[in-house]
Amino acid sequence: MDNFQIFKNQLENTITMDSDQFSKNLNNQLNAEKLGYQNSSNETIFKGSNFIDDSLKTDLDIIWKNNELDFEAVERELYFKNAKGEMIKINNHQAICHDTKDQLLNIPKMQYTTLQLSTIKNLISEIRGNTTIESIMNVDNKRFVFNLAVDNATADVKQDDPHKLRLCIVSSHDSSVSCHISFIHFRMFCFNQMNKLKSSNPLIFKHTKSITDNVRNINSIIDFKKGEFTKSIEDYKYMIKRQVTDEQVKEVLERLYFDKWNGKKVCTDRTLKTEREKSYKDLVEVKEIEKNLLKEFDTNGKNAYSLHNGINYYYSHQMGASNIKDESEKARIRMEQNYYGKNSAIIDRSKELCLAL
């Protein structure tokens, strides 16, 4: 994306905001720019996100308090009111509630054990020497994403095009996602999610003990992931040198979305009930991606690197259902899909296909 398009995207994101949200987003954007990011992102747009300046490695207790994370998810008995108005205790489920707010977070089975945010804080404390907190995303006190930069893991793919390795911790109180750690490669110019680093043994934690047992290994894992990041940087340097043809662009897009168009039909006339074979070009995402590619190829050359960036820019910044008007909500959905939903696999598959050209 060129600088004008980036500015246009940032401006459009502010049009429908109230003054408080505008001020918060502006502060998020300024803190992101201090760290070298040159575009808005899901982290700067989502209303539950705080992009912070942690360059001095601020006391974690202060960060937790400033981001309203200093609470416990507590267990409470669960009741229902029958037709007679009697309160009947439910014995096989429990309520998980915010300990200082009147907020229900979850209704799990009795054997469910909540992983407290204080445990996440202890985990971050153990890796403080190798990481710096960049943003914290809080989804209604139910789901949380902690984005940490891995220290000394920034490198240029080409001149003035730095990339960064981040460690992302995801956790939830509503059972929607297991607590886990991902290592994600980002491009700083456009704030694109480039790919997740592969892991033969995913760092998934289902309870406090599993974090405690594994925390001593995480610093060595970070060192190993730095090596994987260096390899990922070399992949993109190679992709810059790989010029692509229109036929190769077509091949990548067809293969990337094969299951969404192959063997399917498109209605051409509802009255006559006529239809034709569906093409990859009929897909909403492909129409947007093709617009992105015109800009990417013009700015950075018609190569495999530009092709991948045109694709992942859509998932990092543009994807969103037409019936959702709130930009903050769109940003939340993109973030969750990119980090631990179906879009993560699409982004990684895009790199795989472009690298193979």
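Everything discussed here concerns the structure shown above.
Residues numbered from 1 in each chain as written. Predicted model: local features only at pLDDT ≥ 70, side-chain atom pairs only at ≥ 80, totals over all residues. Heavy atoms only, no water.

**Quick look at the overall build of the protein**
From N to C terminus, the protein includes 12 helices and 12 strands. Compactness check: the protein gives a C-alpha radius of gyration of 22 Å against a globular reference of 21 Å for 357 residues, within 12% of the reference. For the C-alpha atoms alone, the extent of the protein along its principal axes is close to 65 × 60 × 45 Å. A total of 357 residues make up the protein; the buried ones form 49% of that total. Pairs at least 24 residues apart make up 62% of the contacts formed inside the protein by residues separated by at least 6 positions. Here the protein displays about 17900 Å² of accessible surface, and carbon together with sulfur accounts for 50% of that area. Considering the protein, the positive charge centre built from 52 side chains and the negative charge centre built from 51 side chains are found 4 Å apart. (Helix = DSSP H or I, 4+ residues; strand = E, 2+ residues; numbered from the N terminus. Rg over C-alpha atoms; globule rule 2.2 N^0.38 Å. Buried < 20%, exposed > 50% of the residue type's maximum accessible area, 1.4 Å probe, protein only. Contact = heavy atoms within 4.5 Å. Areas by Shrake-Rupley, 256 points an atom, 1.4 Å probe, with all protein chains shown as cover. Lys, Arg positive; Asp, Glu negative; His and termini not counted. Charge placed at Lys NZ, Arg CZ, Asp CG, Glu CD.)

**With respect to the environment of Asn50**
Here Asn50 is to be found in strand S1 (residues 49-51). Sequence spacing of Asn50 and Lys34 is 16 residues, and the spatial spacing of their C-alpha atoms is 14 Å. Asn50 has contacts with Lys24, Asn28, Asn67, Glu134, Ser135 and Ile136, leaving out every residue within four places of it along the chain. In this structure the side chain of Asn50 is engaged in a polar contact, spanning 2.8 Å, whose partner is the side chain of Asn67. (Polar contact = N/O pair within 3.5 Å; in protein donor to acceptor, adjacent residues only side chain to side chain.)

**What about the pairing of strand S12 (residues 274-277)?**
Pairing between strand S11 (residues 265-269) and S12: four bridges, direction antiparallel. Paired with Cys267 across the bridge in S12 is Glu275. Remark: four residues form the turn of the hairpin made by S11 and S12, two consecutive strands paired antiparallel; Lys273 in that turn has positive phi of roughly 60 degrees. (Pairing = 2+ DSSP bridges.)

**With respect to helix H11 (residues 327-340)**
Residues three or four positions apart in an α-helix share a direction because the helix packs 3.6 residues into each turn. Its 14 residues place the ends of H11 20 Å apart at the C-alpha level, agreeing with the 20 Å of an ideal helix rising 1.5 Å per residue. Inspection of H11 places Ser328, Lys330, Ala331, Arg332, Arg334, Met335, Glu336, Asn338 and Tyr339 among the buried residues, and these make up the whole buried set. (Expected span 1.5 Å × (residues − 1).)

**Focus on the pattern of salt bridges**
Any two side chains of opposite charge can pair, given that their charged atoms come close. Taken as a whole and assessed by the stated rule, the structure comprises 29 salt bridges. A salt bridge links Asp348 to Lys198; the nearest nitrogen and oxygen atoms lie 3.9 Å apart. Taken as a pair, Asp348 in helix H12 (residues 342-355) and Lys198 in the loop between strand S9 (192-196) and strand S10 (203-205) lie far apart in primary sequence, 150 residues in all. Asp348 gets classed as buried once you look at its relative accessible area, which sits at 13%. Here Asp235 ties to Lys351 by a salt bridge, and the two come within 3.2 Å at their closest N and O atoms. Note that Asp235 is positioned in helix H6 (residues 208-241) and Lys351 in helix H12, a separation of 116 residues in sequence. What you see here is one network of salt bridges that share partners, running through Arg143, Asp174, Glu329, Arg332 and Glu336. (Salt bridge = Lys/Arg side-chain N within 4 Å of Asp/Glu carboxyl O.)

**Quick word on the nonpolar core**
Ile124, Phe146, Leu167, Ile181, Tyr257, Leu307 and Ile311 are the most contacted members of the largest nonpolar core, which has 65 residues in total. Those residues within four positions of Leu167 in sequence are excluded, and the remaining contacts are Ile127, Thr131, Phe146, Asn147, Leu148, Val150, Ile181, Ser182, Phe183 and Ile222. Core analysis: the next-biggest nonpolar cluster, separate from the first, contains 18 residues, Ala32, Tyr37, Phe51 and Val145 among them. (Core = buried A, V, L, I, M, F, W, Y, C linked by side-chain atoms within 4.5 Å.)

That is the geometry; function is a separate question.
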